[in-house]
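# Analysis of the macromolecular model
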Amino acid sequence: MKFLVVGAGALGGYFGARLLDAGQDVTFLVRAKRAQQLRQHGLRVHSPHGDLTLPSPPLVLSADIAQHYDVIIVGCKAYDLDATMESFAAAVGPQTAILPVLNGMAHLDQLTARFGKAHVLGGLCLISATLDAQGGVQHLNDMHGLVFGELDATSSDRVTAIEKAMSGARFDARVSPQMRQEMWEKWVFITSLASATCLLRGSVGDIVAAGQADIALTLQAECNAIAAAHGYAPRAEPALRTRTMLTTQGSPITASMLKDLERGGAIEADHIVGDMLARDPQHNSPTLKTAYAHLKTYEARRARTAA
């Protein structure tokens, strides 16, 4: 089975490196600058589950794609998706499965519109990772899960084959028969966390110490209600897990969106928070609306200062 991992950043670099180390046929689609960095330093992973160095990982530039792949793993930021789809389009053949691990749901429509419904799987990852100054992958927690499945809740030979190929890699690969449900549950978590930590400009522990955990829980309740209105009310265990992660004393957790915001970078305001708010049939999510207004104001200021 031939895997094309789009990008070799924190997510693609981690899961792609683990697959390559397990003997799978993996190629990383990268830009020229990242290719140069990887040729110089190799692909390095530092993780609680074991460090890994791949001196010469297989790389390809978009212009040099000359074959189709069985599975394309896509983990870009949502605002880069249009350009990313263009970069790997030549790799999509009649039987190619596209496995996106973006947060939210809107990217499914974008991928389907470009490549067709039959090519697109559901997927999500459960990991906290970043790149260091030399481009090495720093795995920051114990979780390293990759969940995937058919979006219509059916089983399929291709999903079974992907599961088998991933079974020897050092990460937790799991097929879900309820992929949309699981994606909505993660979306509720990410939206609640991003909205709370960006709006209040601190970690979960900072928010709790300030006595403002009720704001985070209000955001979760508003997101829960939106998910329920679309038939995907979070189940008891994921809902409790989200509540716990939003209210843990001393927790250093922040959303990656806050990190992007604090460094003055682009953020996924529309794809994560804005799309959730847009799906509120009752228009009754005032705290989420305030968080979104905060993010859009940041984007407006960023655009003005960059002009």
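This section reports on the structure supplied with the text. Think of each chain on its own: its residues are numbered from 1, step by step along the sequence as written. Given that the model is predicted, a residue must reach a pLDDT of at least 70 before its local features are reported, and side-chain atom pairs must reach 80 or more before they are shown or counted; all residues, however, enter totals for whole chains, interfaces and linings. Working from all heavy atoms in the structure, the side-chain values ignore hydrogens and water.

## Some details on the overall build of the protein
Elements are defined by DSSP. Helices are runs of H or I of four residues or more, strands are runs of E of two residues or more, and each kind is numbered from the N terminus. What the protein contains, in helices and strands, is 12 helices and 10 strands. Two things to know: the radius of gyration comes from C-alpha atoms, and the globule rule equals 2.2 Å times the number of residues to the power 0.38. Its C-alpha atoms give the protein a radius of gyration of 19 Å, near enough to 19 Å, the size a compact globule of 307 residues would have. The dimensions of the protein, computed from C-alpha atoms along their principal axes, are 50 × 40 × 40 Å. In the protein, which comprises 307 residues, the proportion classed as buried is 50%. Within the protein, contacts between residues at least 6 apart in sequence are counted, and of these 71% link residues at least 24 apart. Accessible area for the protein stands at about 14000 Å²; split by element, carbon and sulfur atoms hold 51% of it. Between buried and exposed lies partly exposed: a residue is buried under 20% and exposed over 50% of the maximum accessible area for its type, with that area taken using a 1.4 Å probe on protein chains only. Only heavy atoms enter the contact rule, under which two residues are in contact if any of them lie within 4.5 Å. What sets the accessible areas is the Shrake-Rupley method with a 1.4 Å probe; for residues, cover comes only from the shown protein chains.

## Describing the packing of helix α6 (residues 179-200) against helix α9 (residues 236-246)
Angles shown run from 0 to 180 degrees and are taken between the N-to-C directions of axes, each axis being a line fitted to C-alpha atoms and, for helices, limited to the stretch in contact. One way to put it is that α6 packs onto α9 with a least axis distance of 10 Å and a crossing angle of 15 degrees. The angle between α6 and α9 places the two elements in the roughly parallel class. Handedness of the crossing formed by α6 with α9: right-handed. Taking contact as the criterion, the partners of Glu-185, Phe-189, Ser-192 and Leu-193 in α6 are, on α9, Pro-238, Thr-242, Met-245 and Leu-246. With respect to orientation, any angle under 35 degrees is reported as roughly parallel, any angle over 145 as roughly antiparallel, any angle of 65 to 115 as roughly perpendicular, and every other angle as oblique. We call a crossing left-handed when the near helix sits turned anticlockwise from the far one by less than a right angle, and right-handed when that turn is clockwise.

## Some details on the packing of helix α3 (residues 81-88) against helix α4 (residues 106-115)
Taken N-terminus to C-terminus, the directions of α3 and α4 make an angle of 35 degrees; their axes are 11 Å apart at the nearest point. The hand of the α3/α4 crossing is right-handed. Here Leu-81, Asp-82, Met-85, Glu-86 and Phe-88 of α3 lie close against α4, whose contacting residues are His-107, Gln-110, Leu-111, Arg-114 and Phe-115. Within the contact of α3 with α4, the residues separate by chemical class into 5 nonpolar, 2 polar and 3 charged. Here the nonpolar group is Ala, Val, Leu, Ile, Met, Phe, Trp, Tyr, Cys and Pro; Asp, Glu, Lys and Arg are the charged ones; every other residue, Gly included, is treated as polar.

## Quick word on α4
Given 3.6 residues per helical turn, the α-helix brings residues three or four places apart onto the same face. Among the residues of α4, those classed as buried are Ala-106, His-107, Leu-108, Leu-111 and Phe-115. Tucked into the core, α4 has its buried residues touching α3, β7 (92-100), α6 and α11 (269-278). Trailing α4 by a residue or two, Gly-116 shows a phi angle of about 100 degrees, which is positive.

## Description of α11
Across the 10 residues that make up α11, a large majority, 8, are buried. Where α11 is concerned, the buried positions are Ala-269, His-271, Ile-272, Val-273, Gly-274, Asp-275, Met-276 and Leu-277. Contact partners of the buried residues in α11: α4, α6, α8 (213-229), α10 (256-262) and α12 (286-306).

## Remarks on the nonpolar core
Among the nonpolar cores identified, the biggest contains 59 residues, and Ile-72, Val-74, Phe-88 and Met-257 are the most heavily contacted of them. Discounting residues that sit within four places of it in the chain, Ile-72 has contacts with Leu-4, Val-6, Phe-88, Ala-91, Val-92, Thr-96, Ala-97, Ile-98 and Leu-99. Only buried residues count toward a nonpolar core. Its members are Ala, Val, Leu, Ile, Met, Phe, Trp, Tyr and Cys residues joined through side-chain atoms within 4.5 Å. If you look at the next biggest cluster of nonpolar residues, it comprises 34 residues, including Val-45, Val-71, Val-159 and Ala-169.

## Quick look at unusual backbone geometry
Despite not being glycine, Ala-153 has its phi angle at roughly 65 degrees, a positive value. If you trace the backbone, Ala-153 turns up in the loop between β9 (137-149) and α5 (157-166). For Ala-153, a relative accessible area of 48% gives the class partly exposed. Phi at Arg-201 takes a positive value of approximately 55 degrees, unusual for a residue other than glycine.

## Some points on the packing of aromatic side chains
Within a pair of aromatic rings, the relevant descriptors are the distance that separates the centres and the angle that separates the planes. Any two rings among Phe, Tyr and Trp, with Trp reduced to its six-membered ring, count as a pair given centres within 6.5 Å; such a pair is stacked if its planes are under 30 degrees apart, edge-to-face if over 60, and tilted if neither. This model, assessed by the stated rule, comprises 5 aromatic pairs. Pairing Trp-184 with Tyr-232 gives two aromatic rings, centres 5.9 Å apart and planes at 10 degrees, and the pair type is stacked. Taken together, the residues span a long stretch of sequence, with Trp-184 in helix α6 and Tyr-232 in the loop between α8 and α9 at a distance of 48 residues. On the basis of relative accessibility, which here comes to 3%, the residue Trp-184 falls in the buried class. In this structure Tyr-232 comes out as partly exposed when scored by relative accessible area, which is 23%. Here the aromatic residues Tyr-14, Phe-15 and Phe-171 are joined through ring pairs into a cluster of three or more.

## Topic: the sheet that holds strand β2 (residues 25-29)
The 5 strands are arranged β5-β2-β1-β6-β7 in an open sheet whose pairing can be described as parallel. The sheet terminates laterally at β5 (59-60) and β7, the two strands that pair on one side only. For two strands to count as paired, DSSP must find a minimum of two bridges between them. As judged from the 2 bridges shared by β2 and β5, these two strands associate in the parallel manner. Counterpart to Leu-29 in the pairing with β5 is Val-60.

## Focus: the side chain of Thr-27
The topology assignment puts Thr-27 in strand β2. The exposure class of Thr-27 is buried, given its relative accessible area of 11%. Among all residues touching Thr-27, those that are not within four sequence positions of it are Phe-3, Leu-4, Val-5, Pro-58, Leu-59, Val-60 and Tyr-69.

## Looking at the pairing of β9
Bridge analysis of strand β3 (residues 43-46) against β9 gives 2 bridges, and the strand direction is parallel. Each residue of the ladder has a partner; that of His-46, found in β9, is Gln-138. Relative to β9, strand β8 (residues 122-131) runs antiparallel, the two sharing 9 bridges. The residue of β9 that forms the bridge with Cys-125 is Leu-146. In the sheet, β9 pairs with strand β10 (residues 172-175) via 4 bridges, with the strands oriented parallel. Note on β10: the bridge partner recorded for Val-147 is Arg-174.

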